[in-house]
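Commentary on secondary and tertiary structure
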Amino acid sequence: MDTLNVQGGYPLTGELKIQGSKNTVLPVMAAAVLYKGVTILTNVPMIQDVYCMIHILEAIGVKIALSGHCLTMDASLVESGEIPMEDVKRMRSSIMLLGALLGRVGEAVTSYPGGCTIGLRPIDLHLKALEAMGAEIFEDGTKIRASARKLRGAHIRLDFPSVGATENILLAATAAKGVTVIDNAAREPEIIELCLFLQKMGVSVRGAGTSRIRIERKKELRQTSYQITGDRIVAGTYLAAAAVAGGEVRLTGIYTPYMESVLRAFQNCGCDISWGKEEIALRSDRRIRAVPWVKTSPYPGFPTDMQSPFMAMLAYGDGVSMIEERIFESRLNLAAQLAKMGADIRVEENRARVAGQGRLHGALVQAEDLRAGAALAVAAAGAEGMTRIADPGYIKRGYESIDQDLRSLGGRIWW
Ligand code: EPZ
């Protein structure tokens with residue numbers, strides 16, 4: 001068990017380039033399996049989930065070379081469609097390989113990704129869509145075996161704009177014969193980036209970022225190099241840390257049109273924030289205005305991944321704020337850990353009533369998921385005294401170097 005230590009009360013000041021996006025690089029790495037050749041990705045975040053995906057890709061035959069933040073994948077010889085069980089348990093989003101493996105080798109064998117502390121996270125939408133495209137799915141309670149002699153295009157309407165299901169369909173459709181149309185598709189930036197990558201590989205994709213996406217592979221795929229966009233959630237996390245700690249930060253390497261709802265939410269909390277196309281500036285005197293409601297919803301709404309860092313920030317607000325989590329049924333567990341630091345947060349079903357306190361105090365707390373762990377670092381940055389965050393490995397799954405990043409801005413934080 002690692003412990004992230006934070007001595008609160010030090011303002012954050014300076015400039016920081018934001019790492020590449022975890023939730024963009026993972027589906028793009030899966031998409032590279034579809035091309036029988038070399039794919040090169042730059043600005044790849046050096047995070048645990050990327051190392052886990054690399055382990056899976058090597059297990060199925062992909063040759064990998066990593067140099068700094070540049071990842072070279074040679075998928076000329078992909079022999080197996082079996083995703084190692086231990087990797088599925090470590091990283092549930094490995095399920096997005098189903099579509100790519102079905103498209104490449106005609107089969108995919110995986111175990112149930114299982115839920116996690118933020119929710120049950122079923123995969124019914126993934127499986128139903130792949131069946132509609134001609135896959136046969138066999139489930140025996142522990143393993144899922146999918147096979148398809150030849151995937152065919154289909155018109156799929158998702159019951160919910162699932163990010164992962166949309167990604168799986170996009171990858172399967174890239175290998176399918178004919179046209180695939182997705183209605184009620186996810187519109188997240190990660191979908192837009194995946195579609196841009198597929199277009200660069202030579203796939204015809206129309207409607208990226210809208211609720212209706214049309215995909216057709218008309219010609220052979222081609223070798224592609226692609227730069228991974230900045231991580232919008234890491235950027236939002238660091239903005240929240242600066243808001244509670246005070247100071248003046250400038251974040252670069254981030255495409256701010258993907259962050260509209262998040263940046264507006266910081267404005268609503270009274271933050272002195274401004275932004276250009278690829279940079280954000282925030283100046284804070286530590287005063288944070290309570291907000292009547294923060295409701296998470298699919299993009300372009302307020303992202304569920306920013307809900308935890310925002311709860312940590314609103315715990316310092318000048319009044320009562322309400323948070324409603326509408327994506328994951330158990331993503332309010334952070335409240336109990338913040339309470340150990342003196343926060344007054346009452347959770348009822350999927351709503352949290354946050355009664356802001358002028359100050360929180362350091363404590364021994366526990367990271368229970370990726371974003372909750374990062375949110376505790378946010379709260380600790382503004383707290384009196386030392387906070388120790390016991391972390392079984394969540395934070396490093398998504399944050400390349402939260403300690404070095406915040407230290408470079410004047411924070412007192414170390415593993
Ligand atoms: C992706 O998860 C992200 N993960 C999540 O980020 C993010 O919170 C989520 O999208 C929403 O934006 C990656 O990209 C690796 P969903 P995903 O399918 O694809 C239900 C982080 O912290 N659902 O859009 O799993 C599901 O239970 C992570 O970086 C079904 O019911 O999200 C949930 O309630 C956390 N059946 C809702 O849809 C399905 O088949 C949203 O899930 C699939 C999903």
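Below, the structure is looked at part by part. (Residues numbered from 1 in each chain as written. Predicted model: local features only at pLDDT ≥ 70, side-chain atom pairs only at ≥ 80, totals over all residues. Heavy atoms only, no water.)

Side note on the sheet that holds strand β17 (residues 293-295)
Strand order in the open sheet formed by four strands is β17-β18-β20-β19, with mixed pairing between adjacent strands. Each of the sheet's edge strands pairs with one partner strand only, and the pair in question is β17 and β19 (344-348). Neighbour-to-neighbour, the strand axes of the sheet open up by a mean angle of 15°, direction not taken into account. Note that β19 and strand β20 (residues 351-355) share five bridges and pair antiparallel. Following the sheet pairing, Ile345 is matched in β20 by Val354. Relative to the sheet, helix α10 (residues 307-314) contacts β17, β18 (320-324), β19 and β20, its axis offset from that of β18 by approximately 170°. (Pairing = 2+ DSSP bridges. Helix = DSSP H or I, 4+ residues; strand = E, 2+ residues; numbered from the N terminus. Axes fitted to C-alpha atoms, helices over the stretch in contact; angles between N-to-C directions. Contact = heavy atoms within 4.5 Å.)

Details of unusual backbone geometry
Residue Tyr299 is joined to Pro300 through a cis peptide bond whose omega torsion reads 10°. Secondary-structure assignment places Pro300 in the loop between β17 and α10. If you check the backbone angles, Asn184 has positive phi at about 60° while not being a glycine. Position of Asn184 relative to the elements: it lies in the loop between β10 (180-183) and α7 (189-201).

Here we look at the site of the ligand
What surrounds the ligand is a group of 22 residues, the closest being Asp124, Leu125, Ser162, Asp305 and Ile327. Within the side chain of Asp305, one N or O atom sits 2.5 Å away from an oxygen atom of the ligand. Protein contact buries 87% of the 830 Å² of open area that the ligand shows by itself. Listing elements by their share of the shell around the ligand, those giving two or more residues are α1 (22-31), α5 (124-132), α6 (163-175) and α12 (370-381). Ranked by the residues each element gives to the shell around the ligand, the list is headed by α5, at three residues. Grouping the amino acids of the shell around the ligand by side-chain chemistry returns nine nonpolar, six polar and seven charged. (Near = heavy atom within 4 Å. Polar contact = N/O pair within 3.5 Å; in protein donor to acceptor, adjacent residues only side chain to side chain. Areas by Shrake-Rupley, 256 points an atom, 1.4 Å probe, with all protein chains shown as cover. Nonpolar A, V, L, I, M, F, W, Y, C, P; charged D, E, K, R; others polar.)

Details of the layout of surface pockets
Where empty space is left in the structure can be found by rolling a water-sized probe over the atoms. The volume enclosed by the second largest pocket comes to roughly 200 Å³. For the lining of the second largest pocket, the per-class residue count stands at four nonpolar, five polar and three charged. (1 Å grid on protein atoms, 1.4 Å probe; cavity = no way out; pocket = protein on both sides within 12 Å on 5 of 7 lines; lining within 4 Å. Points joined across faces, edges and corners; volume = space filled by probe spheres on them.)

Some remarks on the sheet that holds strand β13 (residues 224-227)
Across the sheet, four strands lie side by side as β4-β5-β3-β13; this open sheet has mixed pairing. Each having just a single partner strand, β4 (63-67) and β13 make up the two edges of the open sheet. On average, each strand axis in the sheet is tilted by 15° relative to the strand beside it, whichever way the strands run. As defined by bridge partners, strand β3 (residues 38-42) adjoins strand β5 (residues 70-74) across four bridges and the pair is classed as antiparallel. By the bridge assignment, Ile40 is partnered in β5 with Thr72. Of the strands in this sheet, β4 and β5 touch helix α2 (residues 48-59), which is tilted by about 150° from β4.

Digging into empty space enclosed by the protein
Evaluated as defined, the whole model comprises three cavities of 30 Å³ or more. Approximately 50 Å³ is the volume found for the largest cavity. Breaking the lining of the largest cavity down by element, the ones donating at least two residues are β1 (2-7) and β23 (412-414). Taken together, the residues that form the lining of the largest cavity break down as six nonpolar, two polar and one charged. The computed volume of the second largest cavity comes to approximately 40 Å³. Ser21, Thr24, Pro189, Glu190, Glu193, Thr229, Gly230, Asp231, Arg232 and Tyr258 together form the lining of the second largest cavity.

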